[in-house]
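Below, each chain spelled out in residue letters.
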Amino acid sequence: MGSLLTYSGLTTKVRSMKSRLLTEGQYRELAGFDTVSSAVDYLKKFPSYQPFLSGKDGSSLHRGKIEELLLQSKYQDFSKIYRFASLPQRKFLDLYFMHYEIAKLKRCLRGVIANHPLEIDFSLFQEFFDRHSSLDLIKLSSSGDITQFIGNLAGSPYYDTMARLSRQENTSLFDYEMNLDMLYFKTMWKAKDSGLKKNEQEALTQCFGNRLDMLNIQWIYRCIQYYHMTSSEIYALLIPIQNRLKPDQLYALANAENTDAFFQILQHTYYGNLNLTANSSLPDPEALARQVLNRVHKLTERRDPYSIATVNSYLYFKELEIEHIIHIIESIRYGLEPSQILSSVMKIV
C-alpha cells in the first residue's frame, strides 16, 4: 500500500508520457518517407517533438542538428518526471542524470581532442543542465585544449578521474571515454542499494546488471573480431562488475581464440540460454543486447509498476525511441528502402 501511495501520482504521469511513445505502425510510417523533410514534418505532428521541430525546415537539418532538437524532448520528459518526484525518488534521478552528463562530456571531449569545434549549440541544453548539474557545457565545449577542458571540470565528480588520466602518457580519447563510463557504472552499481526498497533494488540490479554484462559481451566480441587484441588486453578493459555472467565465463569469453569459439562459450551462459536470437541467420551481439535490455526493462516495470522501475523503464525506452528516429532519418537521407530501414534499425520484418 505504501508503494501505491508513494508512486501513484508519478506512475500516472509516466504512463501518460509512455502513451505518447511511437508505435510500430508509426515507425513504419516514418520509415516510408522518401525525404528527410517529409520525415521531420511527420514528427511535428507528435506533441513530444512538435515544440522543438516547429518552424524547422527538415531539408536543411543535418544529423547533429536533428539530434540536438530531439534530445530536448528527452530532457523535457526527465524534467517533468523530476517535478513530480518525491525527495527519495529524486535521489535516483540525480544519479541517473549522470548518464546525460557523461554523454555531453564525451561530445565536448571529442571536439577538443580533434581540435575541431563541434556543430552543436550547447546553449539549447544549458538551462536544463543548470537545474541538475554543475557543468558549464558552453565553457567545456569552447575549451582550447585538454588541459583547459579538465580545468573546467574542477569541482565536478569527473575532475579527479580526468586529471589522473591526463598525467599519463599516450592517453587517448578511448581511454578518457572508457574511464568516464567506468565511473558511471561503478557509481550507479554502488548507489542502487542506497535509499531504495528491496524490490526497487532488485529491479535496478536486473536492469543495470544486464546492461553491464551485455556491454562486456559486446566489447569482447569487437576486440576479437576487429582489433585482434590479446586476452589480457581485453580483460583489462572490461567493466569489473558481473550480474548474470559468472567470472569464469567472462574469462573464457575473453580468452576465445576467434568469434566461433566466442559464440560457443556464450551459448552456455545465461544470455545464450535465453535463445532470443534463434531466428537470426547470423549471431549478432548488439541485437542480443537490445533484446535482453528491452525484455528486462519491460519485465521489471510489469512486475512492480508502483516503483522506481517504472521511471527507469520509461527513460530507457524514450532514449531508445530517439536513437531509432535518428537512425531512420539518416537511413532515409542515404536512400535506404523502408524494408531495409525497418530490418536494420528497428529489427522489424
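Data block above holds the structure.
These remarks concern the structure in this document. What you see is a predicted model; the values in this text were computed from it and never measured.

### What about the nonpolar core?
Then, in step 1: Membership of the largest hydrophobic core comes to 80 residues, with the highest contact counts inside it found for Phe149 and Phe262.
Then, in step 2: Counting residues per element, this core draws most heavily on helix 6 (residues 87-114), which supplies eleven residues.
Then, in step 3: Setting aside anything within four residues of it in sequence, one finds Phe149 in contact with Leu105, Cys108, Leu109, Val112, Leu140, Ser143 and Met162.
Then, in step 4: Residues Leu22, Tyr42, Leu53 and Leu342 belong to the second largest nonpolar core, which totals 26 residues.

### Considerations on the environment of Gly151
Then, in step 1: One can find Gly151 in helix 9 (residues 146-151).
Then, in step 2: Here Gly151 falls in the partly exposed class, since its relative accessible area comes to 42%.
Then, in step 3: Through-space distance from the C-alpha of Gly151 to that of Arg28 is 47 Å; in sequence the pair is 123 residues apart.

### Some thoughts on the side chain of Lys318
Then, in step 1: With respect to the helices, strands and loops of the structure, Lys318 is situated in helix 18 (residues 308-333).
Then, in step 2: Of the residues examined, Lys318 reaches a relative accessible area of 1% and is grouped as buried.
Then, in step 3: Here Lys318 is in contact with Leu21, Ser48, Tyr49, Ser73, Lys74 and Asp77, once residues within four sequence places are set aside.

### Brief notes about the side chain of Ser331
Then, in step 1: By the element assignment, Ser331 lies in helix 18.
Then, in step 2: According to the relative accessible area criterion, Ser331 is buried, its value standing at 10%.
Then, in step 3: In this structure, Ser331 is in contact with Leu336, Ile341 and Val345, ignoring residues within four places of it in sequence.

### Re the pattern of salt bridges
Then, in step 1: For the coordinates displayed, the defined rule picks out 14 salt bridges.
Then, in step 2: Residue Lys18 is joined to Glu301 by a salt bridge in which the shortest nitrogen-to-oxygen separation is 3.3 Å. Residue Lys18 is found in helix 1 (residues 2-18), and its partner Glu301 is found in helix 17 (residues 285-303); the two are separated by 283 residues along the sequence.
Then, in step 3: On the basis of relative accessible area, Lys18 is assigned to the partly exposed category, the value being 39%.
Then, in step 4: Glu177 is paired through a salt bridge with Arg110; the nearest N and O atoms lie 2.7 Å apart.

### A word on the packing of helix 12 (residues 198-227) against helix 18
Then, in step 1: Direction vectors running N to C along helix 12 and helix 18 enclose 25°, while the axes themselves pass 9 Å from each other. As judged from the angle between their axes, helix 12 and helix 18 are roughly parallel. On helix 18, the residues that touch Glu200, Ala203, Leu204, Cys207 and Phe208 of helix 12 are Ile308, Ala309 and Asn312.
Then, in step 2: Its residues assigned to classes, the contact of helix 12 with helix 18 comprises six nonpolar, one polar and one charged.

### Side note on the packing of aromatic side chains
Then, in step 1: Within this structure, the stated rule accounts for 27 aromatic pairs.
Then, in step 2: Ring geometry for Phe262 versus Phe263: centroids 5.2 Å apart, planes at 80°, classification edge-to-face.
Then, in step 3: Of the residues examined, Phe262 reaches a relative accessible area of 0% and is grouped as buried.
Then, in step 4: Put simply, the rings of Tyr75, Phe78, Tyr82, Phe92, Tyr96, Phe97, Tyr100, Phe125, Phe128 and Phe129 touch in pairs and so form one group of aromatic residues.
Then, in step 5: In this structure, Lys104 is placed above the aromatic ring of Phe125, and the distance from its NZ or CZ to the ring centre is 4.6 Å.

### Focus: unusual backbone geometry
Then, in step 1: Not every positive phi belongs to a glycine, and Asn170 is a case in point at roughly 60°.
Then, in step 2: Tracing the backbone through its elements, the reader meets Asn170 in the loop between helix 10 (159-166) and helix 11 (173-191).
Then, in step 3: The backbone phi angle of His228 is positive, close to 50°, even though this residue is not glycine.
Then, in step 4: Of note, His228 is situated in the loop between helix 12 and helix 13 (231-237).
Then, in step 5: The exposure class of His228 is exposed, given its relative accessible area of 62%.

### Quick word on helix 3 (residues 36-43)
Then, in step 1: Those residues of helix 3 that sit buried are Val36, Ala39, Val40, Tyr42 and Leu43. Projected down its long axis, helix 3 shows its buried positions confined to an angular sector of 155°, all on one face.
Then, in step 2: Along its buried surface, helix 3 packs onto helix 2 (24-31), helix 4 (50-53), helix 5 (63-84) and helix 18.

### Notes on the packing of helix 12 against helix 17
Then, in step 1: Where helix 12 meets helix 17, the closest approach of the two axes is 10 Å, and the angle between their N-to-C directions is 180°. Our classification of the angle between helix 12 and helix 17 gives roughly antiparallel. Only Pro285, Glu286, Leu288, Ala289, Val292, Leu293, Val296, His297, Leu299, Thr300 and Arg303 of helix 17 make contact with helix 12, whose side of the interface consists of Ala203, Gln206, Cys207, Asn210, Arg211, Met214, Gln218, Tyr221 and Arg222.
Then, in step 2: Broken down by class, the residue content of the contact of helix 12 with helix 17 amounts to eleven nonpolar, five polar and four charged.

### Structural notes on the environment of Phe208
Then, in step 1: With respect to the helices and strands, the residue Phe208 is situated in helix 12.
Then, in step 2: Measuring from C-alpha to C-alpha, the distance between Phe208 and Gly272 comes to 18 Å, with 64 residues separating the pair along the chain.
Then, in step 3: Sequence-distant contacts of Phe208, that is, excluding residues within four places in its chain, are made with Tyr184, Met188, Trp189 and Asn312.

Thresholds applied
Residues numbered from 1 in each chain as written. Predicted model: local features only at pLDDT ≥ 70, side-chain atom pairs only at ≥ 80, totals over all residues. Heavy atoms only, no water. Core = buried A, V, L, I, M, F, W, Y, C linked by side-chain atoms within 4.5 Å. Buried < 20%, exposed > 50% of the residue type's maximum accessible area, 1.4 Å probe, protein only. Helix = DSSP H or I, 4+ residues; strand = E, 2+ residues; numbered from the N terminus. Contact = heavy atoms within 4.5 Å. Salt bridge = Lys/Arg side-chain N within 4 Å of Asp/Glu carboxyl O. Axes fitted to C-alpha atoms, helices over the stretch in contact; angles between N-to-C directions. Parallel < 35°, antiparallel > 145°, perpendicular 65-115°, else oblique. Nonpolar A, V, L, I, M, F, W, Y, C, P; charged D, E, K, R; others polar. Phe/Tyr/Trp six-rings, centres within 6.5 Å; stacked < 30°, edge-to-face > 60°. Lys NZ or Arg CZ within 6 Å of the ring centre and 35° of its normal. Arc of directions from axis to C-beta.

Distances and angles like these do not, on their own, reveal function.
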